[in-house]
Structures are given as structure tokens and as C-alpha cells.
Amino acid sequence: MSRQYLVAGNWKMFGNMASNQVLVEGMCAGLDAVPKVQVLVCPPATYLTAIQQAARGSGLLLGAQNLAAQEKEGAFTGEILGSMLKDVGCSHVIVGHSERRALFGDTDAVVAQKVHAALAAGLVPILCVGETLAEREADATEAVIARQIDAVLAVNPVASLAALVIAYEPVWAIGTGKTASPEQAQNVHAFIRARIAAVDAKLGDSLRILYGGSVKPDNAASIFAQTDVDGGLIGGASLKAADFLAICAAAQSQG
Ligand code: PEP
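Residues numbered from 1 in each chain as written. Predicted model: local features only at pLDDT ≥ 70, side-chain atom pairs only at ≥ 80, totals over all residues. Heavy atoms only, no water.

Visitor: Can you walk me through the pairing of strand β4 (residues 92-95) in this structure?
Guide: Each regular strand shows side chains that alternate between the opposite faces of the sheet. Where burial is concerned, the two faces of β4 agree: the one with H92 and I94 and the one with V93 and V95 are both buried. Where strand β3 (residues 61-64) lies against β4, two bridges are found, and the strand directions are parallel. Within β4, the residue paired with A64 across the bridge is V93. (Buried < 20%, exposed > 50% of the residue type's maximum accessible area, 1.4 Å probe, protein only. Helix = DSSP H or I, 4+ residues; strand = E, 2+ residues; numbered from the N terminus. Pairing = 2+ DSSP bridges.)

Here you go:
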């Protein structure tokens, strides 16, 4: 099945009002050249409204980097409800990024609950999975990813997951300049697709699986050319409009 490419920028905790304005204007100016690609940016939450306004009418999609596990308003200081993200124009939300898992206590169970909360709010969850270097070296990559996916399936009925996007992000490749080889990425993406297909063949077929981990303009095309790679989750290179657009162009030029 042919799946539309999605290229998502994770800005992490970088930028300010002025730099974001320049970045978004630069991105929007190049979107006409990549009409086949869905292009999404996930800025820090404080800038969502300003970016939504700056990108209005451009087709640039807006997402958040995280959301609360709760599904209703309440006394949860510092948390942001999925419906609040939706309210300010988000269509997507990153869930279970390895930095959240490693630094902020997002366990498999919390991540599964956040996927549920995202879907309940009408947001597309981009579920991040991936192994550490030690896990890869111990030949545990598939076991780790199976555990991360199965935790989500345990809480979310498969019928609710039509919108789900999965991002394979080997932890050893994030922000390190080390990229998985196209073959390494393809092998894990095929494993993810098979794992989902085992519970729902149609969902396995339609599922979009992004690769993330030091994707740059010069390596994007060879990764995106892999059968089971449907786009990218881009950190560092999404902070430069020209680099991000070059990565989008690599997706645009696929089959
Ligand atoms: C990320 O933050 O999800 C990421 C993939 O970062 P980078 O592209 O910088 O490795």
C-alpha cells in the first residue's frame, strides 16, 4: 500500500519568539515544493499559538512534544491536557520520546495511557519506540520494541489505533550524529509493522512508521527509500528551515 510520507520536526526545548518566526516563515516558503509530503512541526508548548498564527493557510501542521496522561481537567500543575493542545491547533502529539522515558519517568504504562489520552482528544499520537546502545549490543532490540508496542496495545483497543503513527528512534542515534543504516532501519520498521499486523493486518499495512535519529539532508533519501519507512522525526535538522525542507524534498522525491 502507498502511504503518504510525514516529516515531523521535534524542536525540543530550543528557540524563542523571534527565532521561531524566522524558522516558520522559512519553512512555509518552501512547502509548495513538497506537496506530496505532510509536514509537521512540534515546538515548545508556549509557542504553539504564535506558530499556528504564523503558519495559517500554509498547510504546515502543528503538534506538541508531550501531553498529560489525564483525560479531564483537574489539579495537575504544569500538565497540559490533550484537548488543550487540540484547542490551540495541534493535530499531532509526540508520545514516549526517549528523552521523556529516560528523564521524566514516562514508563511504558504512562506512555500507553498518554496514547489513550491523545486519541481521546482527537490527536494523532506519534509513539516513539527504540532501543539504547546497550540493548542493541545485547541483541535485545526487538524485545525492547515489542515490549514498548505491546504496552500500548494492552491499553488501547486496536480498533482505536487507525490514526496511530509510530516513530522508530534508536536512542543511540538521537542527537549523536550516528544514524542507523538504511538496512538497520528497514529491519526494525519491518519488525514493527509485523508486530502490528499480527493483531490487525489492515492496520499493519496502513501504519505509518517514521525513522528518527540524526536524519540530515544528506542521509534522508536513502533512509526514506526503504520499503517500511514512511517519513522521519527530525530533531536538530528541524531547527534550520533549509535543512528541514531538504529532508522534506527527500521524502517528496520517493516513488
Ligand atoms: C529527536 O529528537 O527525535 C531526534 C531524532 O533528534 P535528532 O534528529 O537531532 O537526532
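Past the structure itself, the notes keep going.
Visitor: What should I look at first to understand the nonpolar core in this one?
Guide: Counting 68 residues, the largest nonpolar core has V7, I166, I192, Y211 and F224 as the members making the most contacts within it. Those residues in contact with F224 that lie beyond four places of it in its chain are Y5, V7, V229, G231, G232, I247, A250, A251 and Q254. (Core = buried A, V, L, I, M, F, W, Y, C linked by side-chain atoms within 4.5 Å. Contact = heavy atoms within 4.5 Å.)

Visitor: Where do I start with the pattern of salt bridges in this structure?
Guide: A side chain with one charge can pair with a side chain of the opposite charge if their charged atoms come near. Across all of its chains, the model carries ten salt bridges by this definition. Where E99 meets K12, a salt bridge forms, and the shortest distance between an N and an O atom there is 2.7 Å. With a gap of 87 residues between them, E99 in helix α4 (residues 98-103) and K12 in the loop between β1 (6-10) and α1 (17-30) connect regions that are remote in the sequence. In this structure E99 comes out as partly exposed when scored by relative accessible area, which is 29%. (Salt bridge = Lys/Arg side-chain N within 4 Å of Asp/Glu carboxyl O.)

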